[in-house]
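# Structural description and commentary
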Amino acid sequence: MEKKAKKRKEIKRKLLHKYRLVILNESTFEEKISFKLSRLNVFITGTLFIIVLIGLTTLLIAFTPLREYIPGYSSTRLKKQATELTYKTDSLVNVLNYTNKYLENIRMVLRGDVENNEINRDSLFEQFKIDPSTVDLSPIKEDSVLRAQVALEDKYNLFQRNIAQGSLVLFSPVTGVISQGYNADKKHFAVDIVAEKDAPVKAVANGTVIFSEWTADTGFVIIMEHEEGLLSVYKHNSSLNKEQGDLVKAGEVIASVGNTGEFTTGPHLHFELWNNGNPVNPSDYIDFN
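Residues numbered from 1 in each chain as written. Predicted model: local features only at pLDDT ≥ 70, side-chain atom pairs only at ≥ 80, totals over all residues. Heavy atoms only, no water.

### Examining the overall build of the protein chain
Looking only at helices and strands, the protein chain features 5 helices and 12 strands. Residues classed as buried in the protein chain amount to 23% of the 289 residues present. Put simply, 55% of the contacts in the protein chain that link residues at least 6 apart link residues at least 24 apart. For the protein chain, the exposed area adds up to about 22,300 Å²; of that, 58% sits on carbon and sulfur atoms. (Helix = DSSP H or I, 4+ residues; strand = E, 2+ residues; numbered from the N terminus. Buried < 20%, exposed > 50% of the residue type's maximum accessible area, 1.4 Å probe, protein only. Contact = heavy atoms within 4.5 Å. Areas by Shrake-Rupley, 256 points an atom, 1.4 Å probe, with all protein chains shown as cover.)

Structure, rendered in structure tokens:
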């Protein structure tokens, strides 16, 4: 025990033993500055200095742009660019999905594939049926006043009001004889019009060419997009006069009657009309004679 006590006293003496740090002029040996130090003071001072230095360095790195030069830290510019690229990627994905759906509709038109979705109309309208016995159909005073006012205005109106909604006028693409008509049961969603070879094929309405290419089955094909969700399709042409993206006026020549493609039996025009993705009978809208 005495040895341990002596050892502790010796360590304490060494830690608290005073030293004098003197700075002298080398030429004259004049004392300039002197400090009284001990090992304990030097240790405590050095430890505090290191702690303060570490704290200042941490603050400097955390709250200044200097952290961007340390490996592992990402710069603000890179984060901004990554955010912008994320938004652009999301927008491009939406555009790509829309384009894929649009192209799939075009492929469906070219193949003549139509999904047969049977819907029970009675079940759809059942929830909207109203019992007439529960409705009061007797005219009210405001209704009678409005009817009298409208009748008075029409009585002295010099101009007839146009109440009919405008519809898209379609022209005949070619003049000829229909060899095969529209038949949805046989999946023939078109009319085949026999005409002279190289006869001009005209646009049925104003529109934009969205497809103008060669296909193995139907030869030279051109597809136009019109107003009100209408598509017109012209197949088995001998040549095409318009390219994709061209704006075409109604009656303008877009192709020539031909006999191209594997599914053809002679010079004719295979003409289709699609309304909002569904095939319609062209004979109901166009007089081909």
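### With respect to helix 1 (residues 2–16)
Its 15 residues give helix 1 an end-to-end C-alpha distance of 21 Å, which sits within 8% of 21 Å, the value for a rise of 1.5 Å per residue. For helix 1, a buried count of 0 out of 15 residues is recorded, marking the element as mostly open to its surroundings. (Expected span 1.5 Å × (residues − 1).)

### Here's the deal with the nonpolar core
Counting 25 residues, the largest nonpolar core has Val201, Tyr234, Ile254 and Phe271 as the members making the most contacts within it. Going through the elements one at a time, strand 4 (191–194), strand 7 (219–225), strand 8 (230–240), strand 10 (253–257) and strand 11 (268–275) are the ones with two or more residues in this core. For Val201, the residues in contact, after removing those within four places along its chain, are Pro173, Val174, Tyr234, Asn237, Glu252, Val253, Ile254, Ala255, Ser256, Val257 and Leu269. Counting residues in hydrophobic clusters, the runner-up holds 10 residues, among them Ile106, Met108, Phe211 and Trp274. (Core = buried A, V, L, I, M, F, W, Y, C linked by side-chain atoms within 4.5 Å.)

### Here we look at the packing of aromatic side chains
Centre-to-centre distance and the angle between the planes together describe a pair of aromatic rings. A full pass over the atoms with the stated rule returns 4 aromatic pairs. Between the aromatic rings of Trp214 and Phe220, the centroid separation amounts to 5.1 Å while the plane-to-plane angle is 70°, which identifies the pairing as edge-to-face. (Phe/Tyr/Trp six-rings, centres within 6.5 Å; stacked < 30°, edge-to-face > 60°.)

### Some remarks on the side chain of Ser38
With respect to the helices and strands, the residue Ser38 is situated in strand 2 (residues 31–38). Separated by 3.1 Å, the side chains of Ser38 and Asn41 make a polar contact. Once residues lying within four places of it in the same chain are set aside, the contact partners of Ser38 are Leu15, Leu16, His17 and Tyr19. (Polar contact = N/O pair within 3.5 Å; in protein donor to acceptor, adjacent residues only side chain to side chain.)

### What to know about the environment of Glu196
Within the fold, Glu196 resides in the loop between strand 4 and strand 5 (200–202). Accessibility expressed as a relative area gives 66% for Glu196, which makes it exposed. In this structure, the C-alpha to C-alpha distance between Glu196 and Thr175, residues 21 residues apart in sequence, is 9.3 Å.

### Considering the side chain of His268
With respect to the secondary-structure elements, His268 resides in strand 11. Judged by relative accessible area, which is 6%, His268 ranks as buried. A polar contact is formed between the side chain of His268 and the backbone oxygen of Gly266, at a distance of 2.7 Å. If we ignore the near neighbours within four places in the chain, the residues touching His268 are Asp192, Ile193, Val194, Ala195, Lys235, His236, Val257 and Gly258.

### Overview of the pattern of salt bridges
Scanning the entire structure with this criterion turns up 5 salt bridges. Of the charged contacts, one joins Arg20 and Glu31 as a salt bridge, the two residues approaching to 3.1 Å between their closest N and O atoms. On the criterion of sequence distance, the pair formed by Arg20 in strand 1 (residues 18–24) and Glu31 in strand 2 is long-range, its members being 11 residues apart. Assessed through its relative accessible area of 41%, Glu31 is described here as partly exposed. A salt bridge links Glu252 to Lys242; the shortest N-O distance between them is 2.6 Å. Residue Glu252 is found in the loop between strand 9 (247–248) and strand 10, and its partner Lys242 is found in the loop between strand 8 and strand 9; the two are separated by 10 residues along the sequence. Among the residues examined, Lys242 registers a relative accessible area of 16% and is labelled buried. (Salt bridge = Lys/Arg side-chain N within 4 Å of Asp/Glu carboxyl O.)

### Here's the deal with the pairing of strand 1
By the bridge criterion, 7 bridges tie strand 1 to strand 2 in an arrangement that is antiparallel. The residue bridging Leu24 from the neighbouring strand is Glu31, located in strand 2. From the end of strand 1 to the start of strand 2, which pair antiparallel, there are 6 residues, and Phe29 there has a positive phi angle of about 60°. (Pairing = 2+ DSSP bridges.)

### Considering unusual backbone geometry
With the exception of glycine, the majority of residues adopt a negative phi angle, and the majority of peptide bonds are in the trans configuration. Non-glycine residue Glu228 carries a positive phi angle of around 60°. One can find Glu228 in the loop between strand 7 and strand 8. One non-glycine residue, His236, lies in the positive phi region at around 65°. For His236, the position within the fold is in strand 8. We classify His236 as buried; its relative accessible area is 3%.

### Some details on a nonpolar patch on the surface
A cluster of nonpolar side chains, Ile11, Leu15, Leu16, Leu40, Phe43, Ile44, Leu48 and Ile51, forms an exposed patch at the surface whose accessible area comes to about 730 Å². Residue contributions to the nonpolar patch peak at 5 residues, all from helix 2 (residues 39–63). (Patch = residues over 30% accessible without salt bridge, like charges linked within 9 Å, V, L, I, M, F, W, Y side chains within 5 Å.)

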